[in-house]
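Close look at the chain arrangement
As a plain string of letters, each chain reads:
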Amino acid sequence: DPVYRSLLASPAVADGYVATATYGNKVRVVRESDGAALWEASVGDAVIASPLIDRGWVYVPCLDRNLYAFRLSDGKLLWKTDLGGIVYSSPAMDGGALFVAAGAPQPRLLRVSTETGQVAWTAGADLLQQSMDSSVVVASGHVIVGEVNGRFHSFAAADGHHQWTTDVGGLAGLASPVALADRVYLPTGGTTARVVAVELGSGALVPNWSADFTSSVVGSAGPGTLLGRSVSLSSLAVSDGLILVNARADDRMDVDMNGLLDLYRLREETVAMDALTGRVVWAAGNGVRDTTDANLIPTHGLVPTPAVYRALKGDNLTVVGSSLAARATVLTVSTGAVRTTFDLPSVTRASPVTANGRLILATDAGALVALGSLDNRAPATPAGLQPAGGIPSDAGGTVVRWRPAMDLDGDAVTYQLRWDTDGEILHSALGEVVTDAGVTSWRLPGLVGGPTVTYALRARDTRGAWSAWSVPQTFSAINTPPVQVGTSVYSSLLAALSAARPGDVIRLGMGRYPLAETMNVPSGVSVQGAGPQATVIEGRGLARAITVSSSSAAQPSALRDLTIKGAATGVATEQGAHALLQNVVIRDNTAFGIDVGASGVVTVISATLFRNDVAARSFGRLDVRNSIVTQNRRGYMATPADAVLSRYNDLFANKEDAYGGVAKGAGDLAVEVSFKGAAADDLRVQDESRTTDRGDPSDDFAREPPPNGNRVNMGAFAGTEQAELSQTSSTVASESFQGPAPVESPVTDPPSVPPPRGRAATPAAAGSSGGCTVDPAAGSRRGWWGAVAVLALVLGRRRRDRDRDES
């Protein structure tokens, strides 16, 4: 697309993004992994200087005198600042500030806030003579920049006061210095090609250091008469104790000896100098061009800077683009030997960038090219992050998990994890950690309930290649109710589970306990909620909400008085484990409400298994009684069929076979039950339902409020203070009753048998002493009127209770 010609500015690469700026007034960001376009923004003029990426923002200097800041992820303009002069200089970052040089009409150096774009100080207004086009270098508190005329200056990074000036002559152009140890190396072109070394602290020339390589770059001008010469240098690079530079000589030639210009002879060369002595170690040709068209001379004095990287076998390599030949060349740093070359769509004046196992180049034709390393490929982007989708999670115990990121080279992979509460993690983060190799989970510390937490991570191999950041995920941090074991109070459920020992009871409060990882109940430990619906354990996004992995028949692990919901499997027991589930609601699990492993033993007493895919599956032994199993896709699944024992349960309104081959047990029903508010997750049974007083006759009903029919109900609230009330007459229709019906007696003539557990015996009617007899008819009449009186009292109390609930 012509709008992108030419890409004179070097690309910037960070955080899985590549930012380019064009001569056509555009800023464009693509994804590093595949080059997919992400966003584009307009600026006021052409861009020649390279953008800078830092902490999720991209900073773009522009010829319209402004410095722009965009958000890297979406291109939102965050601020722009007028620098007072045309900007050819790329900014440098140090200490949370940007340092950038401006040219005509007001040459000066500026320190700019990265956050706001506000100028902290300006320097050099009374010192600078010409435009400062070279990019800024910051080293040990010095900010070093060169004027076009070859005068270099150092200013203090803290306050901008002038430190030193060194005039090395020639033309600095757009070539940037480089700092190494206590020296600064200054490149100058013009009619010669030189690098000068000065002391960082004073700017004084380093004695006996000489690096004039004009003859190497230019050599013989060739046939004809040399009429004039212009030498342009790239910025400097450092590797293996060598200073690397790419240089181009543009000669104006009179070939036919008539005294007139008739040929432009262009030559480019890469040169390496010893950083200690300035001696030229090697030089390698990098393209030639003879032309009669002045428009084919690269403008702006731009020459691509060499990029350095380490090969698999440990050699340092340099890759150089060419402003004269449509190719890039890879050289061994120490010797200059050519390792390989590869063609490009056109010549390039932008410098190549190596990052994350990729070489990225921007060309004069407007093409952005990425080549992958055969020595070191970046790891895959991490995936499978949990929790996700904004689900609630325990602020005191959230553990994030992810799948291992594959590395094609087989390297070990570490992870950088960031999290924050402002919706992004690139620019700022509440926390950050780098894991050890192979770690695929991390507990996030220091969260406070209330905000939505955003987190993401990226993988890094042992040779430094980063993957892109994962797609950010979110969860809602919730302060969960207290958790207590004995007299000790814990900040999270997971912390209490880690501390609990066999025989301990973990007591949960009223409220939600969202799980970030599967809750493993230790052997012999009981988890006691505040009520079947008062305490809710949520396993959204998890394969299992709760696992019982080790326990014994003598001391089974137990779950009581709570709800378990939202996972693939609500409660799972591993092979051989023993568990007791009592007064629990298990609902809305996408695979199994209860899953019993081979040789596992689970007893379920008074449960409501509601809206699961399969209410309960067993490969071991599952004993269920006094429970309601409804609105699941299937009720039971068992292998073999006798792996489930069902007694005194109500299975109704399940979409497919409720029993799945399991035999109907004694007291089983298939009758409809109305809940007080199933749509609002209130699974308390309506009073006087057809399951009321239909639980196991031998089970305790003492906690059920009167009238309770002297028999336990069915469902999660059976045997508790929240159980539904019984009918006023103990004669209950027995339609759809599966199994033997209990023997019933009129209220007025209770049987003379031992009472069920939890109730005192009522003596049978008998004659009185003193010679008086009892009239059976009178007794019957008194019993009838007594029943009426009881009914009136019960109805009155029920009416008052309902009026109170409605109010």
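These numbers come from a predicted model, not from an experiment.

Some thoughts on the overall build of the chain
Each helix and strand counted, the chain has three helices and 62 strands in total. In the chain, which comprises 807 residues, the proportion classed as buried is 53%. For the chain, the computed accessible surface area is about 33,000 Å², with 51% contributed by carbon and sulfur atoms.

Describing the nonpolar core
Counting 50 residues, the largest nonpolar core has Ile506, Met519 and Leu581 as the members making the most contacts within it. Excluding anything up to four places from it in sequence, Met519 contacts Leu493, Leu497, Val527, Ile537, Ala545, Ile546, Thr547 and Leu559. Counting residues in hydrophobic clusters, the runner-up holds 23 residues, among them Ala21, Cys62, Ile425 and Ala456.

Regarding the confidence of the model for the chain
Confidence in the prediction of the chain, expressed as mean pLDDT, is 87, and 89% of residues score 70 or more. Counted against residues more than four places away or in other chains, residues 729-807, with its pLDDT under 50, gives 71 contacts.

What to know about the packing of aromatic side chains
In total, this model carries ten aromatic pairs according to the counting rule given. Aromatic pair Phe610 and Phe675: ring centres 5.8 Å apart, planes at 80 degrees, arrangement edge-to-face. Placement of the pair is Phe610 in strand S52 (residues 601-610) and Phe675 in strand S60 (residues 675-677), with a sequence separation of 65 residues. Here Phe610 matches Phe675 in class, with each residue buried. Put simply, the rings of Trp39, Tyr68 and Phe70 touch in pairs and so form one group of aromatic residues. Between the NZ or CZ atom of Arg458 and the centre of the ring of Trp466, over which it lies, the distance is 4.0 Å.

Here we look at the pairing of strand S54 (residues 621-625)
Burial within S54 is extensive, with four of its five residues counted as buried. With five bridges joining them, S52 and S54 adopt parallel strand pairing. Its bridge partner lying in S54, Ile605 is registered against Arg625. With four bridges joining them, S54 and strand S57 (residues 644-647) adopt parallel strand pairing. Opposite Val624, over in S57, you have Ser646 as the bridge partner.

Things to note about the layout of surface pockets
Size it by volume and the second largest pocket reaches roughly 930 Å³. Lining the second largest pocket we find 44 residues, and of these Ser10, Ser50, Ser90, Ser135 and Ser351 sit closest to its centre. Those elements that provide at least two residues to the lining of the second largest pocket are strand S1 (12-14), strand S5 (52-54), strand S26 (307-310) and strand S30 (353-355). When residues in the lining of the second largest pocket are grouped by element, the largest group, three residues, is from S1. For the lining of the second largest pocket, a count of residues per class yields 31 nonpolar, eleven polar and two charged.

What about the sheet that holds strand S47 (residues 544-548)?
Here six strands make up an open sheet; going across it, the order is S44-S47-S49-S51-S53-S56 and the pairing parallel. Both edges of this open sheet fall to strand S44 (519-521) and strand S56 (634-638), since each of them pairs with a single strand only. Strand-to-strand twist across the sheet, computed as the mean angle between neighbouring axes with direction ignored, equals 10 degrees. Direction of pairing for strand S49 (residues 569-573) relative to strand S51 (residues 592-596): parallel, over a ladder of four bridges. The residue bridging Ala572 from the neighbouring strand is Asp595, located in S51.

With respect to unusual backbone geometry
Note the cis peptide between Ala104 and Pro105, where omega equals 5 degrees. By the element assignment, Pro105 lies in the loop between strand S10 (97-102) and strand S11 (108-113). Residues Thr639 and Pro640 are joined by a peptide bond in cis, for which omega reads 0 degrees. Structurally, Pro640 is set in the loop between S56 and S57.

Regarding the environment of Leu67
By secondary structure assignment, the location of Leu67 is in strand S7 (residues 66-71). Along the chain, Leu67 and Pro51 lie 16 residues apart, while their C-alpha atoms are 9.9 Å from each other. Apart from the residues lying within four places of it in its own chain, the contact partners of Leu67 are Tyr59, Val60, Pro61, Trp79, Lys80, Thr81, Leu83, Leu98, Val100 and Val112.

Topic: empty space enclosed by the protein
Inspection of every chain in the model, using the stated rule, returns one cavity of 30 Å³ or more. Considering only enclosed or pocket space, the largest cavity measures out at about 60 Å³ in volume. Of all the elements in the fold, those that place two or more residues in the lining of the largest cavity are strand S33 (391-394), helix H2 (493-499) and strand S43 (511-514).

Some words on the pairing of strand S42 (residues 505-508)
Burial along S42 is one-sided: the face carrying Ile506 and Leu508 is buried and the face carrying Val505 and Arg507 is not. By the bridge criterion, three bridges tie strand S40 (residues 483-485) to S42 in an arrangement that is antiparallel. Of the residues in S42, the one forming a bridge with Val485 is Ile506. The pairing of S42 with strand S45 (residues 526-528) spans three bridges and is classified as parallel. Counterpart to Val505 in the pairing with S45 is Ser526.

Details of the sheet that holds S5
Two pairing modes exist for strands in a sheet, parallel and antiparallel, and in both the strands are linked by backbone hydrogen bonds. Pairing within the open sheet is antiparallel, and its four strands lie in the order S5-S6-S7-S8. Edge positions in the sheet fall to S5 and strand S8 (77-82), since each has one partner strand and no second. Taking each pair of neighbouring strands and ignoring which way they run, the sheet shows an average axis angle of 20 degrees. Sheet analysis places S7 next to S8, joined by five bridges and oriented antiparallel. Within S8, the residue paired with Asn66 across the bridge is Asp82.

Focus on the pattern of salt bridges
Tallied over the full model, the rule gives 33 salt bridges. In this structure, Arg55 engages Glu115 in a salt bridge whose closest nitrogen and oxygen atoms are separated by 3.2 Å. Taken as a pair, Arg55 in the loop between S5 and strand S6 (57-61) and Glu115 in the loop between S11 and strand S12 (119-123) lie far apart in primary sequence, 60 residues in all. On the basis of relative accessible area, Arg55 is assigned to the partly exposed category, the value being 36%. Salt bridges sharing common partners tie together Asp623, Arg625, Arg647, Asp696 and Asp699.

About the cut-offs
- Residues numbered from 1 in each chain as written.
- Predicted model: local features only at pLDDT ≥ 70, side-chain atom pairs only at ≥ 80, totals over all residues.
- Heavy atoms only, no water.
- Helix = DSSP H or I, 4+ residues; strand = E, 2+ residues; numbered from the N terminus.
- Buried < 20%, exposed > 50% of the residue type's maximum accessible area, 1.4 Å probe, protein only.
- Areas by Shrake-Rupley, 256 points an atom, 1.4 Å probe, with all protein chains shown as cover.
- Core = buried A, V, L, I, M, F, W, Y, C linked by side-chain atoms within 4.5 Å.
- Contact = heavy atoms within 4.5 Å.
- pLDDT = per-residue confidence, 0-100.
- Phe/Tyr/Trp six-rings, centres within 6.5 Å; stacked < 30°, edge-to-face > 60°.
- Lys NZ or Arg CZ within 6 Å of the ring centre and 35° of its normal.
- Pairing = 2+ DSSP bridges.
- 1 Å grid on protein atoms, 1.4 Å probe; cavity = no way out; pocket = protein on both sides within 12 Å on 5 of 7 lines; lining within 4 Å.
- Points joined across faces, edges and corners; volume = space filled by probe spheres on them.
- Nonpolar A, V, L, I, M, F, W, Y, C, P; charged D, E, K, R; others polar.
- Axes fitted to C-alpha atoms, helices over the stretch in contact; angles between N-to-C directions.
- Salt bridge = Lys/Arg side-chain N within 4 Å of Asp/Glu carboxyl O.

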